[in-house]
Amino acid sequence: MSTLDRNLAEIAARHGVDLACVTPPSRASRLESLRKIIARTDVPYPITPQRQERYLNDFQSGKLFGIGTLSEDMVELENYAEFQDYEKYTYEEHLSWACLVADQQRTKHQFACQEYLKGESIFEIGGTVIPDYYLLNARIYQQTQWQLATVNMIIPAELFFTCHSHRLFPVTTFMRGLEVDYLEEPDIGHDVAGHVATFTIPAVADVMKNHGDARDLIYAERDQKLKAAGDEESARRIRDDAEELLLYAGRIYWFTVEFGLVMQGGQVRDFGAGILSSPGETTYSIESRESNRILIDPSDDHDLLRLATTDYLISEFQKTYFVMSSFDQLKSLTADRILMASKRAMELPHYTWREIVPGDKVIDVGELATSTNEKYLRLMLDMPLDDCLTRAALRNLQLYSKGLSSQQLSAFKIPPAELPQEALEWFRNQDQTPTT
Ligand SMILES: [Fe+2]
């Protein structure tokens, strides 16, 4: 056995993976599986014979998978378009998938909600080789009408949500290195082993689609305003406002689809794909004493605003998780309500990911929790604070220095604590341009 083989065997053993099972299927065997899958009629959305034929032809002709073609929905991915070249995955990449999935399975069976685990088994996510997107895409379409669109990097929010409005889910083709638990950027481990199973939870799939529709509303309003824009400066402001709205809509997505928790059988369980793609965060989100866990009801306008006004970082495990009582509450998250909360968030002070806020229904106060005013004092006294705290503190000081009416603040369940006057005076004396 060579040194490389010995290293791989040791890595596999550490994760409980049988190296003999890490055997990428041949092209002929994948074709055979594809024939069987696409012909299924015992599924919610069977594939028509014409589309079956075209899909098979694409596979047989060697056309690489780029975007699902099982419906009329299509999005132009432009420079972000990518293709999955299955034969090019190395043995190490398949092993990396196998190890990640093995680790995930251990933590998921302990902490994931039941619906998510069911979704994984329907899509056969828990294998020992990277999934072929032709096969996976067909399975997803048959169950949910969603399809995959392969992209080459993190794509702009505007394009990401445009894909969602067409029930196309952007996925990368890159597999993280061996034994990497958490990545800031998406990879197959996040996109497939994290997200795909959530499509089978109807309320989650609907919220994803509704975010796409909210993006369409934001851009329709933007385009209408642009027609009346008198000069380039006004046009720029209109475009910036649309991007800002999308950012706040993205926070609602972040705290639900990506990092959401749900109560099940009296216990807190994970359903967010960002959590479940990381074995470490799957455990951390439920058991860590560092993070806050807050009960939230997205059907309540105040609670929805709490999500839209909460800033976060992607560079480390989350410091606040929001927990819903049931998936039914997600059904209230229509495109109109996502837009409404995002518009309100534009005018209001923002919270940070470490804060416990007046009116929160607290399940756990994390050891890293801060009060709402701590960020201002830290900024003023030049004490350490992370980018999230800095960003929110500067934004809020700017807003308060211009003046915020009690009517504006009444959008919150309980208005934030009064801002320390010293901080406001300090800010007014600073010669700086705050960022939002
Ligand atoms: Fe994600």
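Given the structure is predicted, the values throughout are model-derived calculations rather than measurements.

Here the focus is the overall build of the protein chain. Counting its secondary structure elements, the protein chain contains 18 helices and seven strands. The proportion of buried residues among the 436 residues of the protein chain is 43%. Pairs at least 24 residues apart make up 75% of the contacts formed inside the protein chain by residues separated by at least 6 positions.

By a widespread convention, an interface's size corresponds to the accessible area lost as its parts come together. For the protein chain, the assigned domains are domain 1 (3-200) and domain 2 (207-373). Using C-alpha coordinates to define each centre, domain 1 is positioned 26 Å away from domain 2. In this complex, domain 1 contributes 26 residues to the contact, which on the side of domain 2 involves 29 residues. Of all the secondary-structure elements, those providing two or more residues to the side of domain 1 that touches domain 2 are α4 (91-111), α5 (114-123), α7 (157-165) and α8 (188-195). In terms of residue count, α7 provides more of the side of domain 1 that touches domain 2 than any other element does, six residues in total.

Attention now moves to the pairing of strand β6 (residues 320-324). Along β6, four of the five residues are buried, which leaves the element largely enclosed by surrounding structure. Here two bridges tie strand β3 (residues 261-264) to β6, and the two strands are oriented parallel to one another. Residue pairing across strands places leucine 261 opposite valine 323, the latter belonging to β6. In terms of strand pairing, strand β5 (residues 292-295) meets β6 through four bridges, oriented parallel. From the neighbouring strand, asparagine 292 faces β6, where its bridge partner is threonine 320. Tracing the backbone out of β5, into helix α13 (residues 301-308) and back to the parallel element β6 gives a crossover that is right-handed.

This next bit is on the packing of helix α2 (residues 27-38) against helix α6 (residues 133-144). Axis separation between α2 and α6 bottoms out at 10 Å; the angle between their running directions is 10 degrees. Classified by the interaxial angle, the pair formed by α2 and α6 is roughly parallel. Residues Arg30, Ser33, Leu34, Ile37 and Ile38 of α2 pack against Tyr134, Leu135, Ala138 and Arg139 of α6. For the contact of α2 with α6, a count of residues per class yields six nonpolar, one polar and two charged.

Our focus in this paragraph is the environment of glycine 62. Secondary-structure assignment places glycine 62 in the loop between α3 (49-60) and α4. Considered as a pair, glycine 62 and tyrosine 80 are 18 residues apart in the sequence and their alpha carbons are 21 Å apart.

Three or more residues of α5 are buried, namely Tyr116, Gly119, Glu120 and Phe123. The buried residues of α5 all sit within an arc of 100 degrees when viewed along its axis, so they share a single face. Buried residues along α5 sit against α6 and α11 (273-276). Positive backbone phi, at 55 degrees, marks glutamate 124, one or two positions downstream of α5.

In this section: the nonpolar core. Among the nonpolar cores identified, the biggest contains 92 residues, and Ala138, Val204 and Ile252 are the most heavily contacted of them. Counting only domains with at least three residues in this core, you end up with domain 1 (3-200) and domain 2 (207-373). The contacts of alanine 138, once residues within four sequence positions are left out, are Leu34, Ile37, Ile38, Ile47, Tyr55 and Leu70.

What follows covers the sheet that holds strand β4 (residues 267-270). If you walk across this open sheet you meet the five strands as β4-β3-β6-β5-β7, and the pairing is mixed. Two strands in the sheet have a free side with no partner beyond their single neighbour: β4 and β7 (361-364). Sheet twist, expressed as the mean angle between neighbouring strand axes with direction ignored, is 40 degrees.

On to unusual backbone geometry. The backbone of glutamate 124 shows a phi angle near 55 degrees, a positive value even though the residue is not glycine. Among the secondary structure elements, glutamate 124 is positioned in the loop between α5 and α6. A residue is classified by how many C-beta atoms lie within 10 Å of it, and glutamate 124, with 13 of them, is partly exposed. A positive phi angle is found at arginine 167, which is not glycine, with a value near 55 degrees. With respect to the helices and strands, arginine 167 occurs in the loop between α7 and β2 (168-171).

Before going further, it helps to spend a moment on the pairing of β3. Taken together, the four bridges between β3 and β4 define a ladder with antiparallel strand orientation. For leucine 261, the partnering residue across the bridge sits in β4 and is aspartate 270. With antiparallel pairing between neighbouring strands as the criterion, β3 and β4 make up a hairpin whose turn holds two residues, including glycine 265 at a positive phi of roughly 60 degrees.

Moving on, we come to the environment of alanine 20. Mapped onto the secondary structure, alanine 20 falls in the loop between α1 (3-14) and α2. With 8 C-beta atoms counted inside 10 Å, the residue alanine 20 sits in the exposed group. For the pair formed by alanine 20 and alanine 9, sequence separation is eleven residues and the distance between their alpha carbons is 10.0 Å.

What counts as what
Residues numbered from 1 in each chain as written. Predicted model: local features only at pLDDT ≥ 70, side-chain atom pairs only at ≥ 80, totals over all residues. Helix = DSSP H or I, 4+ residues; strand = E, 2+ residues; numbered from the N terminus. Buried ≥ 20, exposed ≤ 12 C-beta atoms within 10 Å, placed from the backbone. Contact = placed C-beta atoms within 7 Å. Domains from an automatic or database assignment. Pairing = 2+ DSSP bridges. Right-handed = clockwise from strand over helix to strand, strands pointing away. Axes fitted to C-alpha atoms, helices over the stretch in contact; angles between N-to-C directions. Parallel < 35°, antiparallel > 145°, perpendicular 65-115°, else oblique. Nonpolar A, V, L, I, M, F, W, Y, C, P; charged D, E, K, R; others polar. Arc of directions from axis to C-beta. Core = buried A, V, L, I, M, F, W, Y, C linked by C-beta atoms within 7 Å.

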